[in-house]
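# Observations on chain architecture
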Amino acid sequence: MCSLGFALFALFASVAGAQPGMSGGVRIEPGQECPPGMTEVRPGTCQAPTLPPPSILDYRPRSTLVTTEHLVPKAKFPAIDYHGHPTTQLSSAEGLTQLADDLDRIGVRVIVAANNVRGEELRRQLATAQAHPRMRDRIRFLTGIDFTGVGAPGWAEREIAALEAAAAAGAVGIGEIGKGLGLTSRKADGTRLRIDDPALDPVWQAAARLRFPVFIHTADPQEFWRPIDNTNERWLELALFPSRRYPAELFPSFEQLMAERDAMLRRNRGTTFVVAHMGWHANDLPRLAKMMDEMPNILVEVGAVLYDIGRQPRAAHEFFVRYQDRILFGKDSFQPAEYPYYWRVFETRDDYFDYYRDYHATWKLYGIDLPDAVLQKVYFRNALRITPGIPPQGWPR
Ligand SMILES: [Zn+2]
């Protein structure tokens, strides 16, 4: 190394608080991190690779682990997908036939369409389903709430009338209340509509009277609020989808949204809420357990958080057993090829297998090995108990 180069290296090392080591490495003090481009090869010693590293996009190590695989293409017990988003399938008999074929293949007996449909569109989708012999008893619809105009006179009366009409037409619940409530919805006066705005309470109470569960999605994974740097678990997703970033100057914080949601849930104890995506606390099951203990009126749904369930097989198993009466299966985005990953996590004790989207999770999954009685509750019994509008006949005893 020329003396200038050495001087620069020494300067860099001292700026970073690190010292050149014995064999081309750099020393760091306890609690310090290695400089960028280096990794800790021995306690306190950092070293740079001798080859240019692949990017996180291109690094696809082939696992050499040899272990027994139990693929589960079809659920062990008939399932209810409480977080269904069928789309074009709902507009024609051919689409519904395709949907029935897909559901048969993966073992979903009933899909709950959580698409917020109302009025004429709701009646049209119900009629199309009713006219389809294979889907008549296998699809149910949630209806939506229109949050425009909250705070203006008559808003709650209008929405309650719409809910009553939807119930009369055949809807079985409300949802999915989207993350727009809290993040983007505005009141009639232009201010942000808080999730716990008391003006919404009459509608939550009407849901209880109608025996409508309320399926609600609040916020997003907490990492979406954090700086997009090399410590962010969702770096790749945030880099791929800029609309998933929630900069503090434009949006309420994650904790603010959680506080509003929890205040609303606590205040409406007579209403049954199904909290989508395990409330975005599947990465913090102690927090979710505390919430479940405090709020007997909530259940949670597992859609799109499989990466958190499957990375903690022992803690997740314990949580599912403890709260077995209050967890519902749901998938979210309707991709038939992705359901078998859920069955495999819930039903097997397989080790270290791939998740279906590498931008959600850089890690592998493990089976949580649920007993049959718990599987049945998560797959269908809990949904049947809270949703009188789902046909109760024909399920395993
Ligand atoms: Zn959804």
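What counts and what doesn't
Residues numbered from 1 in each chain as written. Predicted model: local features only at pLDDT ≥ 70, side-chain atom pairs only at ≥ 80, totals over all residues. Helix = DSSP H or I, 4+ residues; strand = E, 2+ residues; numbered from the N terminus. Core = buried A, V, L, I, M, F, W, Y, C linked by C-beta atoms within 7 Å. Buried ≥ 20, exposed ≤ 12 C-beta atoms within 10 Å, placed from the backbone. Contact = placed C-beta atoms within 7 Å. Pairing = 2+ DSSP bridges. Right-handed = clockwise from strand over helix to strand, strands pointing away. Axes fitted to C-alpha atoms, helices over the stretch in contact; angles between N-to-C directions. Parallel < 35°, antiparallel > 145°, perpendicular 65-115°, else oblique. Left-handed = near helix turned anticlockwise from the far one by under 90°. Nonpolar A, V, L, I, M, F, W, Y, C, P; charged D, E, K, R; others polar. Domains from an automatic or database assignment. Expected span 1.5 Å × (residues − 1). Arc of directions from axis to C-beta.

## Notes on unusual backbone geometry
Cis rather than trans, the peptide bond between glycine 175 and glutamate 176 has omega equal to -5°. For asparagine 116, which is not a glycine, the phi torsion comes out positive at approximately 60°. One can find asparagine 116 in strand E6 (residues 108-117). Backbone geometry places aspartate 369, a non-glycine residue, at a positive phi of 55°. Inspection of the secondary structure assignment puts aspartate 369 in the loop between helix H12 (339-347) and helix H13 (372-386).

## A look at the nonpolar core
The biggest cluster of nonpolar side chains holds 98 residues, and the ones touching the most others in it are Ile80, Leu142, Ala207, Val214, Phe215, Phe320 and Val378. In this structure leucine 142 touches Val112, Ala113, Ala114, Ala171, Val172, Gly173, Ile174, Gly175, Glu176 and Phe215, once residues within four positions along its chain are discounted.

## A word on the pairing of strand E3 (residues 39-42)
Bridge count between E3 and strand E4 (residues 45-47): 3 bridges; the pairing is antiparallel. Within E4, the position partnered with glutamate 40 by the bridge is cysteine 46. Connecting E3 to the next strand, E4, in antiparallel fashion are 2 residues, including glycine 44 with a positive phi near 85°.

## A word on the pairing of E6
With respect to burial, E6 is a largely interior element, 9 of its 10 residues being buried. As judged from the 4 bridges shared by strand E5 (residues 79-85) and E6, these two strands associate in the parallel manner. Each residue of the ladder has a partner; that of glycine 84, found in E6, is alanine 113. Handedness of the E5-helix H2 (residues 93-106)-E6 crossover: right-handed. The pairing of E6 with strand E7 (residues 139-143) spans 4 bridges and is parallel. When the bridges of E7 are listed, isoleucine 111 appears paired with isoleucine 139. The handedness of the E6 to E7 crossover, carried by helix H3 (residues 119-130), is right-handed.

## A word on the packing of helix H4 (residues 155-169) against helix H6 (residues 201-209)
Interhelical geometry of H4 versus H6 gives an angle of 20° and a closest axis separation of 9 Å. Relative to H6, the element H4 is oriented roughly parallel. In this structure, the crossing between H4 and H6 has a hand that is right-handed. Counted together, Ala156, Glu159, Ile160 and Leu163 of H4 and Pro202, Val203, Ala206 and Ala207 of H6 form the full contact between these two elements. For the contact of H4 with H6, the residue count by class is 7 nonpolar, no polar and 1 charged.

## Thoughts on the sheet that holds strand E10 (residues 273-275)
The 9 strands are arranged E12-E11-E10-E9-E8-E7-E6-E5-E13 in an open sheet whose pairing can be described as parallel. Looking at strand neighbours, the two that pair on one side only are strand E12 (327-328) and strand E13 (332-333), the edges of this open sheet.

## Here we look at the domain arrangement of the chain
Assigned domains of the chain: these are domain 1 (3-47) and domain 2 (79-386). A straight line from the C-alpha centre of domain 1 to that of domain 2 covers 48 Å.

## Considering H2
For H2, with 14 residues, the first-to-last C-alpha span of 20 Å sits near the 20 Å given by 1.5 Å per residue. The set of residues buried in H2 consists of Leu96, Leu99, Leu103 and Ile106. The arc that holds the buried residues of H2, viewed along the axis, is 90°, so those residues lie on one side. Exposed residues on H2 whose side chains face more than 90 degrees from its buried face are Glu94 and Asp101.

## What about H4?
Helix length check: H4 (15 residues) gives 21 Å between terminal C-alpha atoms against 21 Å at 1.5 Å per residue, within 8%. Burial in H4 covers these residues: Trp155, Glu159, Leu163 and Ala166. Buried positions in H4, seen along its axis, are confined to an arc of 65° and lie on one side of it. Residues of H4 that are exposed and point over 90 degrees away from its buried face: Glu157, Ala161 and Ala168.

## Regarding the environment of glutamate 164
Along the polypeptide, glutamate 164 turns up in helix H4. Remark: the alpha-carbon pair of glutamate 164 and alanine 207, spanning 43 residues in sequence, is separated by 9.1 Å.

## Topic: the environment of leucine 285
Considering the arrangement of structural elements, one finds leucine 285 in helix H9 (residues 285-294). With 50 residues separating them in the primary sequence, leucine 285 and tryptophan 235 have C-alpha atoms 22 Å apart. In this structure leucine 285 touches Ala315 and Phe319, once residues within four positions along its chain are discounted.

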